[in-house]
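Tertiary structure, described
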Amino acid sequence: MNWDQAGEVILWLVDQPTTDAATAVKLFLRAEPAFYVEFKAEDPDYEYEEFAERIILTFAANWTAGRYTHGGVGYDPSEVSPYGSSDIFSSTN
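Residues numbered from 1 in each chain as written. Predicted model: local features only at pLDDT ≥ 70, side-chain atom pairs only at ≥ 80, totals over all residues. Heavy atoms only, no water.

Regarding its fold elements, the chain presents four helices and zero strands. When the helices and strands of the chain are placed in sequence order, the string is α-α-α-α. Counting all 93 residues of the chain, 29% fall into the buried class. By element, 55% of the accessible surface of the chain is carried by carbon and sulfur atoms, the whole surface being about 6400 Å². (Helix = DSSP H or I, 4+ residues; strand = E, 2+ residues; numbered from the N terminus. Buried < 20%, exposed > 50% of the residue type's maximum accessible area, 1.4 Å probe, protein only. Areas by Shrake-Rupley, 256 points an atom, 1.4 Å probe, with all protein chains shown as cover.)

The following block contains the structure:
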């Protein structure tokens, strides 16, 4: 699945109460919430990428509500991907 063409699918996954918390966290991090927060803090009217913003806001609401299941899926954000970097740090950091 290509992130750029799968916004609706990713949003659907983040919105499901049966999605494991680890999967939801990974999808949330892929939406680059740090950039969203930075730009929104500087300009509340800033329009972030449509699906990324919806994914971030949906995840935040569901996480706060304790809506995701836990267990069965592990996620280690320090793990290096096949592309040479983790989800959090690029290989140049």
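Averaged over the chain, the pLDDT score is 80; the fraction of residues at 70 or greater is 75%. Across the chain, element-level confidence peaks in helix α1 (residues 7-15) with a mean pLDDT of 92 and bottoms out in helix α3 (residues 33-42) with 86. Counted against residues more than four places away or in other chains, residues 89-93, with its pLDDT under 50, gives three contacts. (pLDDT = per-residue confidence, 0-100. Contact = heavy atoms within 4.5 Å.)

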